[in-house]
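This is what each chain is made of:
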Amino acid sequence: MEPTIKGFDYRRVTVADGVTLNAAVGGSGPAVVLLHGFPQTHLMWRHVAADLAADHTVICPDLRGYGASDKPADTDGARYAKRTMAADVVALARALGHERFALVGHDRGALVAVRAGLDHPQAVTHLAALDVLPTLDMWDVLHGTTAAVGFHLYLMAQPPGLPEQLISASADAFFGYFLDAWTQDREAIPAEVRAAYLAASRAAVTSIVADYRASAGIDVEHDRADRAAGNQLRMPVTVLQQDWGAALGYDAAALWRAWAPELTHRTVSCGHFMAEEAPAEVVAALRALLAR
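Residues numbered from 1 in each chain as written. Predicted model: local features only at pLDDT ≥ 70, side-chain atom pairs only at ≥ 80, totals over all residues. Heavy atoms only, no water.

1. Thoughts on the overall build of the protein
Step number 1: Helix and strand counts for the protein stand at 14 helices and 8 strands.
Step number 2: For 292 residues, the compact-globule estimate of 2.2 N^0.38 gives 19 Å, and the C-alpha radius of gyration of the protein, at 17 Å, lies within 12% of that figure.
Step number 3: Of the contacts formed within the protein by residues at least 6 apart in sequence, a portion of 75% connects residues at least 24 apart.
Step number 4: In the form shown here, the protein has an accessible surface area of approximately 11,400 Å², with 54% of it arising from carbon and sulfur atoms.
Step number 5: Between the averaged position of the 24 positive side-chain charges in the protein and that of its 33 negative side-chain charges there is a distance of 3 Å. (Helix = DSSP H or I, 4+ residues; strand = E, 2+ residues; numbered from the N terminus. Rg over C-alpha atoms; globule rule 2.2 N^0.38 Å. Contact = heavy atoms within 4.5 Å. Areas by Shrake-Rupley, 256 points an atom, 1.4 Å probe, with all protein chains shown as cover. Lys, Arg positive; Asp, Glu negative; His and termini not counted. Charge placed at Lys NZ, Arg CZ, Asp CG, Glu CD.)

Below, the structure written as structure tokens:
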């Protein structure tokens, strides 16, 4: 049996153009939406969600193109734009009865969360981003041989065809590499959860690549337009990150502050998958954000 978040109900909700998201929903109170990253599903929030559900309605969807959510073909280059995926999230929350909600994203989910905060400030009350930079800044800080750490970004930025073929040929090796290389505590992702992540990713190669390809194209265009217009995240924002700035030579807090004036920025000592490796630390940071 596939792992689930214990005590949560599972629902399928149509959010746009025939696209249905799979979502785990639990608790009661003010709404908090938790968005997973790569190469994972909503299951990455299992510890954090259980804690927050004590006094919040917690909504954990699989993003469009991931997990058990629908995976529409990217026929126009915009089906996996973060703007499109952010609209999914707002529609999901609204369908579940929440016009306003706090939004937390990890990795790819954080990029969706940032776009939602920029595009839908009336809906997003608080925003947290875990271990990522905004798309425009992410590309700007990758230089020379240090950019090798982001080889997958460049692979999946290529035109349709070759990336999907290469990844599909060794899907478990490809996705498993990141689950292993980005984790300090291997026991934080138990075998059954790791297997669920691999199975979900193996079945979603085309849409995962489309998500990444959008971040090398249309997402950059949207970020540039917002930067030129002076558009910022006006809600309270918390960012938790590994110290990538020290490794790659940039000031992460300064980059984030340009987008988020009401910023709390902290570096963490755990690995990339912090919601599983250090859930108590993540929960404490989120509760402090929600109290602002």
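Next comes the rest of the account.
2. Some words on the sheet that holds strand β1 (residues 9–16)
Step number 1: Strand order across the open sheet formed by 8 strands is β1-β2-β4-β3-β5-β6-β7-β8, with mixed pairing between neighbours. Both edges of this open sheet fall to β1 and β8 (263–267), since each of them pairs with a single strand only. When strand polarity is set aside, the average angle formed by the axes of neighbouring strands in this sheet is 20°.
Step number 2: Sheet strands touched by helix α3 (residues 108–119): β3 (31–35), β5 (101–106) and β6 (124–130). Its angle to β5, the strand with the most contacts, is close to 145°. (Pairing = 2+ DSSP bridges. Axes fitted to C-alpha atoms, helices over the stretch in contact; angles between N-to-C directions.)

3. Re unusual backbone geometry
Step number 1: Note that the residue after F38, namely P39, is joined by a cis bond; omega there is -10°.
Step number 2: Position of P39 relative to the elements: it lies in the loop between β3 and α1 (46–52).
Step number 3: Positive phi, close to 30°, is recorded for D17, a residue that is not glycine.
Step number 4: With respect to the helices, strands and loops of the structure, D17 is situated in the loop between β1 and β2 (19–26).
Step number 5: Exposure remark for D17: the relative accessible area of 57% places this residue in the exposed category. (Buried < 20%, exposed > 50% of the residue type's maximum accessible area, 1.4 Å probe, protein only.)

4. Observations regarding the environment of T238
Step number 1: Positionally, T238 belongs in strand β7 (residues 237–241).
Step number 2: Sequence separation of T238 and A204 is 34 residues, and the distance between their C-alpha atoms is 30 Å.
Step number 3: Of note is the side chain of T238, whose polar atom sits 3.3 Å from the side chain of R292. (Polar contact = N/O pair within 3.5 Å; in protein donor to acceptor, adjacent residues only side chain to side chain.)

5. With respect to the packing of helix α7 (residues 171–181) against helix α8 (residues 191–202)
Step number 1: One way to put it is that α7 packs onto α8 with a least axis distance of 9 Å and a crossing angle of 135°. With respect to α8, the element α7 is oriented oblique. Judged by the twist between their axes, the crossing of α7 over α8 is right-handed. Contacts between α7 and α8 pair A171, D172, F175, G176, L179 and D180 from the former with R194, Y197, L198, S201 and R202 from the latter.
Step number 2: Of the residues belonging to the contact of α7 with α8, the class tally is 5 nonpolar, 2 polar and 4 charged. (Parallel < 35°, antiparallel > 145°, perpendicular 65-115°, else oblique. Left-handed = near helix turned anticlockwise from the far one by under 90°. Nonpolar A, V, L, I, M, F, W, Y, C, P; charged D, E, K, R; others polar.)

6. Here's the deal with the side chain of R46
Step number 1: Within the secondary structure, R46 is located in helix α1.
Step number 2: We classify R46 as buried; its relative accessible area is 14%.
Step number 3: A polar contact of 3.5 Å, which involves the side chain of R46, links it to the side chain of Y197.
Step number 4: Reaching out from R46, the side chain makes a polar contact with the side chain of E276 at a distance of 2.6 Å.
Step number 5: R46 has contacts with I5, A188, I189, P190, V193, Y197 and E276, leaving out every residue within four places of it along the chain.

7. Topic: the pairing of β2
Step number 1: Most of β2 is tucked away, with 8 of its 8 residues classed as buried.
Step number 2: As defined by bridge partners, β1 adjoins β2 across 7 bridges and the pair is classed as antiparallel. If you follow V13 over to β2, its bridge partner there is L21.
Step number 3: Taking the residues between adjacent antiparallel strands as the criterion, β1 and β2 are bridged by 2 residues, where D17 takes a positive phi near 30°.
Step number 4: By the bridge criterion, 4 bridges tie β2 to strand β4 (residues 57–61) in an arrangement that is antiparallel. Residue A24 lies in a different strand from β4, and its bridge partner there is C60.

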